[in-house]
Amino acid sequence: MIRVQREDFDLGAEVKALTARNPRIGGLCSFVGLVRDMHGDDSVRAMTLEHYPGMTEKMLQRIDDEAHWRWPLEASLVIHRHGRLDPGDQIVLVATASPHRQAAFEACQFLIDWLKTQAPFWKKEETPEGERWVEARESDDAAAERWAGTGKAAG
Amino acid sequence: MIRVQREDFDLGAEVKALTARNPRIGGLCSFVGLVRDMHGDDSVRAMTLEHYPGMTEKMLQRIDDEAHWRWPLEASLVIHRHGRLDPGDQIVLVATASPHRQAAFEACQFLIDWLKTQAPFWKKEETPEGERWVEARESDDAAAERWAGTGKAAG
Amino acid sequence: MKVLYFAWLKTKTGVGEEELSPPAGVATVAQLLDWLEARSPGHGEALADRHAIRIAVNQEYARPGDPVKAGDEIALFPPVTGG
Amino acid sequence: MKVLYFAWLKTKTGVGEEELSPPAGVATVAQLLDWLEARSPGHGEALADRHAIRIAVNQEYARPGDPVKAGDEIALFPPVTGG
């Protein structure tokens with residue numbers, strides 16, 4: 001399940017809804033990305049997330065489908081916010097539930113790694129020196145590359 | 001931070017308390033282990049978690065300290081329940097917060113992998129054929145072995 | 001054909017979205033970028049470094065040799081930085 | 001010396017905790033297990049397969065050759081299965 005929204009989200013409530021009444025779930029892994037007040041040596045006062053409505057949902061849905069194909073997931077959720085955010089604010093939530101913990105962990109990392117290189121979002125930071133667009137990081141490409149094989153993962 | 005308790009826990013509230021007012025945190029990873037209604041081909045009606053009071057807290061604290069030594073964590077939390085639990089109930093929570101998502105993911109996996117092989121808890125399952133003590137799984141030993149090196153991980 | 005610009009490509013071109021009818025010779029992504037580059041100094045600046053640009057055709061990632069045609073939705077943007 | 005039994009070791013010995021004073025010859029974990037094994041048929045059954053048992057001395061994992069002495073807290077239990 002995927003959602004793109006301006007509003008904040010409630011990790012506890014989202015996860016509860018995701019796992020409710022499914023005793024096949026043995027492990028639930030979640031990741032929340034937050035706005036930091038620093039980027040390298042520069043302080044960040046606020047951030048704006050721009051996105052490409054339509055393509056964003058399409059890419060997130062594809063990434064989510066891929067995770068379900070690769071791992072034996074009982075449920076998954078991706079929420080990504082857009083708009084203006086302050087330091088400490090939540091940006092993204094990825095949650096995966098599986099009978100086995102290893103599958104939950106791997107699928108969760110896969111989703112956030114792919115999302116960071118495939119989903120059309122762009123961050124603009126407000127610093128004391130003015131606004132600037134965040135540049136893509138090579139380490140994010142490397143993280144996504146780990147999952148480049150199309151083979152089905154072990155359960 | 002570690003806690004051993006009979007009571008249930010609230011993922012959302014725990015994570016909120018863990019990350020509150022710390023804008024250095026860029027990523028928060030959490031894992032919740034739940035009671036499944038099946039083990040292999042057998043149905044499980046309920047489960048009782050026995051533990052070794054004193055040694056349990058000592059081992060969990062050591063595992064938590066080790067995670068902070070290996071990764072640049074801003075905060076971490078391990079909660080493990082004991083007593084009688086039903087299918088769908090929460091057993092354990094591990095949460096890690098770091099400036100970087102990779103460190104948060106790795107530390108979270110490290111904590112749950114080590115906990116499963118080092119912390120003195122034992123599961124007894126109630127099945128239609130009666131009660132039985134769960135046997136340790138080789139795959140859990142293998143998962144913990146991945147972290148056997150004592151070197152400091154990349155941030 | 002609708003052309004969308006995101007992030008600093010929008011800032012530099014000064015436009016978020018434009019409805020265009022390129023000439024018959026514009027049949028690929030690369031040919032479209034060459035044609036767009038000449039539209040204004042802002043377009044020229046935005047499209048100067050092709051390695052810094054990602055392209056989507058009808059909301060799918062595309063390469064320079066991929067075809068473009070009337071009715072397509074083309075998007076130009078920098079490498080993504082969400083998550 | 002306090003000896004604790006957990007999980008199926010408690011079930012088989014029929015005791016969760018006992019206060020004991022082993023003879024002078026019992027100076028290591030291995031010697032203690034040999035001595036405990038003879039205490040009752042239940043102890044004998046519980047301690048039959050040493051590979052299935054983990055030992056802690058004063059709440060630290062211990063090996064067969066590690067020393068034990070008066071005042072120690074010794075715990076015997078199967079491989080752990082929490083998490």
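Up top is the structure.
Bear in mind the structure is a predicted one, so any value in this text is a computation, not a measurement.

### Some words on unusual backbone geometry
And step 1. A positive phi angle, close to 55 degrees, is found at B:R21, a residue other than glycine.
And step 2. Its place among the elements puts B:R21 in the loop between α1 (11-19) and β2 (27-34).
And step 3. Its relative accessible area of 81% is what places B:R21 among the exposed residues.
And step 4. In this structure, C:Q59 is a non-glycine residue whose phi angle is positive, near 65 degrees.
And step 5. Note on placement: C:Q59 falls in the loop between β3 (54-57) and β4 (60-62).
And step 6. By relative accessible area, which is 17% here, C:Q59 ends up buried.

### A closer look at the interface of chain A and chain C
And step 1. Contact with chain A, which involves 27 residues of that partner, is made by 20 residues of chain C.
And step 2. Note on chain A versus chain C: buried area summed over both sides is about 1800 Å², and carbon and sulfur give 57% of it.
And step 3. When the area that chain A buries against chain C is broken down by residue, the three leading residues are A:Y52, A:M55 and A:W122, summing to 34%.
And step 4. Run the count over chain A and chain C and you get three salt bridges.
And step 5. Across the salt bridge formed by C:E60 and A:K58, the nearest N and O atoms sit 3.4 Å from each other.
And step 6. Elements represented by at least two residues in the side of chain A that touches chain C include exactly β5 (46-51), α2 (55-70), β8 (90-98), α3 (101-118) and β9 (121-127) of chain A.
And step 7. The element best represented in the side of chain A that touches chain C is α3(A), accounting for five residues.

### Side note on the relation of the copies chain A and chain B
And step 1. Mapping chain A onto chain B is achieved by rotating through 180 degrees and translating by 0.0 Å along the same axis, at an RMSD of 0.0 Å. Taken together, the rotation and translation describe the operation of a two-fold axis. Distance from the rotation axis, computed per C-alpha, reaches its smallest value in chain A at A:G12: 1.8 Å.
And step 2. Comparing interface residues between copies, 100% of those in chain A also sit at the interface in chain B, which points to an isologous, same-surface contact.

Parameters and conventions
Residues numbered from 1 in each chain as written. Chains lettered and ligands numbered in written order. Predicted model: local features only at pLDDT ≥ 70, side-chain atom pairs only at ≥ 80, totals over all residues. Heavy atoms only, no water. Helix = DSSP H or I, 4+ residues; strand = E, 2+ residues; numbered from the N terminus. Buried < 20%, exposed > 50% of the residue type's maximum accessible area, 1.4 Å probe, protein only. Contact = heavy atoms within 4.5 Å. Buried area = accessible area lost by both parts, 1.4 Å probe. Salt bridge = Lys/Arg side-chain N within 4 Å of Asp/Glu carboxyl O. Least-squares fit on C-alpha atoms with pLDDT ≥ 70 in both.

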